[in-house]
Amino acid sequence: AKNGHCDVSTHDVQNKSLGQWVKQQRVLYKRNVLSSDRKQQLNSICFIWDSQENAWNKHFNQLCAYKAQNGNCCVSQNDAQNTSLVGWVNKQRLLRKNNSLNSNYIQRLNSIGFIWVLHERSYEL
């Protein structure tokens, strides 16, 4: 429980072999050839079967927290405290614009009032 999660990357220099093993377990799982015993053991430690889905959910939860704190989902491009979230939000807009965003993700973002197209706000002087 050193890192508090089971999402080991193959790019983790200190845990390269573990990262490779984790990747192999995911491949076997997707091919539906992982033994039920192994699957059960990995589930018991909250193994992350889909690291991309997990990363998306983490960012979505960050956006929900941002909305709870700020009252909207419009993360400022200049928000130094949320640079990762800014990049993620921009990527979601671009993916949707290119019809490449999962419809489930679109639905979840819509459910929290996500703004897809930002217009420059005009302020009266």
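Here, every reference points to the structure presented above.
I will try to describe carefully the structure that is included in this document. The shown structure was predicted, so the numbers you read here are calculated from the model rather than taken from an experiment. (Residues numbered from 1 in each chain as written. Predicted model: local features only at pLDDT ≥ 70, side-chain atom pairs only at ≥ 80, totals over all residues. Heavy atoms only, no water.)

## Observations regarding helix H5 (residues 103-111)
Three or four residues apart is the spacing at which side chains of an α-helix point the same way, because the helix has 3.6 residues per turn.
Moving on, step 1. Buried within H5 we find Tyr-105, Ile-106 and Leu-109. Summarising the axial view, the buried residues of H5 lie within an arc of 100 degrees, below the 170-degree limit, and thus occupy one face. For H5, the exposed residues lying more than 90 degrees away from the buried face are Ser-103, Gln-107 and Ser-111.
Moving on, step 2. In this structure, the buried residues of H5 make contact with helix H3 (51-70) and helix H4 (83-97).
Moving on, step 3. Near the N-terminus of H5, the side chain that reaches the backbone nitrogen of Asn-104, with its oxygen 2.6 Å away, is that of Asn-102.
Moving on, step 4. One or two positions beyond H5, positive phi appears at Gly-113, with a value near 80 degrees. (Buried < 20%, exposed > 50% of the residue type's maximum accessible area, 1.4 Å probe, protein only. Helix = DSSP H or I, 4+ residues; strand = E, 2+ residues; numbered from the N terminus. Arc of directions from axis to C-beta. Contact = heavy atoms within 4.5 Å. Polar contact = N/O pair within 3.5 Å; in protein donor to acceptor, adjacent residues only side chain to side chain.)

## Quick look at the packing of H3 against H4
Moving on, step 1. Closest axis-to-axis distance for the H3/H4 pair is 10 Å, and the angle between their directions is 105 degrees. For the element pair H3 / H4, the angle class is roughly perpendicular. In this structure, H3 contributes Trp-56, His-59, Phe-60, Gln-62, Leu-63 and Tyr-66 to the contact, and H4 contributes Ser-84, Leu-85, Trp-88, Val-89 and Gln-92.
Moving on, step 2. Grouping the constituent residues of the contact of H3 with H4 by class yields seven nonpolar, four polar and no charged. (Axes fitted to C-alpha atoms, helices over the stretch in contact; angles between N-to-C directions. Parallel < 35°, antiparallel > 145°, perpendicular 65-115°, else oblique. Nonpolar A, V, L, I, M, F, W, Y, C, P; charged D, E, K, R; others polar.)

## Things to note about the nonpolar core
General note: in soluble globular proteins, nonpolar side chains tend to be found buried as a group.
Moving on, step 1. Within the largest apolar cluster, 17 residues are counted, with the highest numbers of intra-cluster contacts made by Leu-63, Val-75, Leu-85, Trp-88, Val-89, Leu-109 and Phe-114.
Moving on, step 2. Only H3, H4 and H5 provide two or more residues apiece to this core.
Moving on, step 3. What Trp-88 contacts, discounting residues up to four positions off in sequence, is Trp-56, His-59, Phe-60, Leu-63 and Leu-109.
Moving on, step 4. The next biggest cluster of nonpolar side chains, apart from the first, holds seven residues, and it includes Cys-6, Val-8, Val-22 and Leu-34. (Core = buried A, V, L, I, M, F, W, Y, C linked by side-chain atoms within 4.5 Å.)

Spatial relationships are all this shows, so hold off on functional conclusions.
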